[in-house]
Amino acid sequence: MHRYCLCDFIGLWGFPTASIAIHRENSGQIQIEDRTGKKVFITLLRELYESYDIALVVCKTHSVDTIHASNIAYLAFFYGAVGDVSKSILSSRLGSKFNESFLNDLFKNFEERRQSVDKNAFHYKIFDGHQSRLGHYYRHLFQSVNYINAQNTETLSYIEKYQYIKTMRAQLSTQEQMLLFWNSVSDIGMDWEKGSKVVLDNDKLITKYNLIKNIPDGYSKYISPRKYYPLVEYEGLEQKPVGRASLEARYC
């Protein structure tokens, strides 16, 4: 049986090149006020860190395990945490895990931080949410990677899949990879790797394709990607992480 090479795959369906073009368009069209494109992700990451600051303080105040802070922070960043609509959505996502007192304090802290934040650091009102900007961006990125991953190995080998997805990863700035990491460890992005439905190593997309490979050690202000994804072959490592080689053998 003939096994197609990557160039044959591109010729047959045109999916890879089209997907990269769509991703470039998606990231290029992300806009906040008068700013567009990849520079927006620098500010978005800064806002996410503000969100985490608040989530961490409220968790500690209410004696809630701070392991929840990253998820709370990302959901508040994504859906918003100020205004009736944003608070309603966030309450519905968090309400089953946290009591009313916790949520009220959380919203109070977000409102106060929004009023006191350095206006020079942000050119827009923070904590309004970014679902409308980032929802489609992440759905397309996930579906693209997942589609390639799902191809039969007789059509595309692991090496060929990796090379294509590597090309996609090359489109992501460091800030985009950092936000992808936070997305992947939140309730919203569990399908990347951490969800209960992701059982097989072959479906753990972050690790399998080193999707956050280019995040430098120490770049994260708070939680470390290397703690959550120890088998990613991060840029700058002198050798593969222990266990990476045996894992790759199972991908083939």
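Please refer to the structure placed before this passage.
How each quantity is defined
- Residues numbered from 1 in each chain as written.
- Predicted model: local features only at pLDDT ≥ 70, side-chain atom pairs only at ≥ 80, totals over all residues.
- Heavy atoms only, no water.
- Phe/Tyr/Trp six-rings, centres within 6.5 Å; stacked < 30°, edge-to-face > 60°.
- Buried < 20%, exposed > 50% of the residue type's maximum accessible area, 1.4 Å probe, protein only.
- Lys NZ or Arg CZ within 6 Å of the ring centre and 35° of its normal.
- Helix = DSSP H or I, 4+ residues; strand = E, 2+ residues; numbered from the N terminus.
- Contact = heavy atoms within 4.5 Å.
- Axes fitted to C-alpha atoms, helices over the stretch in contact; angles between N-to-C directions.
- Parallel < 35°, antiparallel > 145°, perpendicular 65-115°, else oblique.
- Left-handed = near helix turned anticlockwise from the far one by under 90°.
- Nonpolar A, V, L, I, M, F, W, Y, C, P; charged D, E, K, R; others polar.
- Salt bridge = Lys/Arg side-chain N within 4 Å of Asp/Glu carboxyl O.

### Details of the packing of aromatic side chains
Under the counting rule described, the total for this entry stands at 20 aromatic pairs. With a centroid separation of 5.1 Å and an interplanar angle of 85°, the aromatic rings of F78 and Y79 are classed as edge-to-face. Relative to W182, the ring of F181 has its centre 6.5 Å away and its plane inclined at 75°; by these criteria the two rings are edge-to-face. Look at W182 and you get buried, because its relative accessible area is 0%. Three or more aromatic residues joined by ring pairs make a cluster, and in this case those are Y49, Y52, F181, W182, Y222, Y228 and Y229. We note K194 situated over the ring of Y229; from NZ or CZ to the ring centre the distance is 4.8 Å.

### A closer look at helix α4 (residues 69–79)
Among the 11 residues in α4, 11 count as buried, and that is most of the element. For α4, the complete set of buried residues consists of A69, S70, N71, I72, A73, Y74, L75, A76, F77, F78 and Y79. In this fold, the buried residues of α4 make contact with α3 (39–61), α5 (84–94), α6 (100–116), α7 (131–149), α9 (174–184) and α11 (225–228).

### Considering the environment of S184
For S184, the location among the structural elements is in helix α9. Separated by 113 residues in sequence, S184 and N71 place their C-alpha atoms 9.7 Å apart. When residues no more than four places from it in sequence are discounted, the contact partners of S184 are G189, M190, W192, K194, I206 and Y229.

### Section: the packing of α3 against α4
Packed helices, taken two at a time, are described by their axes: the angle between them and the distance between them. Running from N to C, α3 and α4 cross one another at 130°; their axes reach a closest spacing of 8 Å. Compared by their axis directions, α3 and α4 come out oblique. Note that α3 runs across α4; the crossing there is right-handed. Residues L44, E47, L48, S51, Y52, A55, L56 and C59 of α3 form the contact with α4, whose participating residues are A69, S70, I72, A73, Y74, A76 and F77. Tallied by class, the residues present in the contact of α3 with α4 amount to 12 nonpolar, 2 polar and 1 charged.

### Some words on the pattern of salt bridges
It is possible for side chains bearing opposite charge to pair when their charged atoms get close. Tallying each qualifying case throughout the model produces 11 salt bridges. Note that R113 is salt-bridged to E50, the shortest N-O span being 2.6 Å. Placement of the pair is R113 in helix α6 and E50 in helix α3, with a sequence separation of 63 residues. By relative accessible area, which is 24% here, R113 ends up partly exposed. Take E50: its relative accessible area is 18%, and that puts it in the buried class.

### Concerning the environment of F107
Relative to the assigned elements, F107 resides in helix α6. Looking at F107, the relative accessible area reads 10%, which means it is buried. Through-space distance from the C-alpha of F107 to that of D203 is 36 Å; in sequence the pair is 96 residues apart.

### Describing the packing of α3 against α9
Running from N to C, α3 and α9 point in directions that differ by 35°, and their axes come no closer than 9 Å. Crossing handedness for the pair α3 and α9: left-handed. For the pair α3 and α9, the contacting residues are F41, I42, L44, L45, L48, Y49 and Y52 in the first and Q175, E176, M178, L179 and W182 in the second. Classifying every residue of the contact of α3 with α9 gives 10 nonpolar, 1 polar and 1 charged.

### Some thoughts on unusual backbone geometry
Even without being glycine, F127 reaches a positive phi, approximately 70°. Note that F127 resides in the loop between α6 and α7. Residue classification places F127 among the buried positions, given a relative accessible area of 0%. Residue N210 is not a glycine yet carries a positive backbone phi of 50°. Here N210 is to be found in the loop between α10 (205–208) and α11. Using a relative accessible area of 1% as the deciding quantity, one classes N210 as buried.

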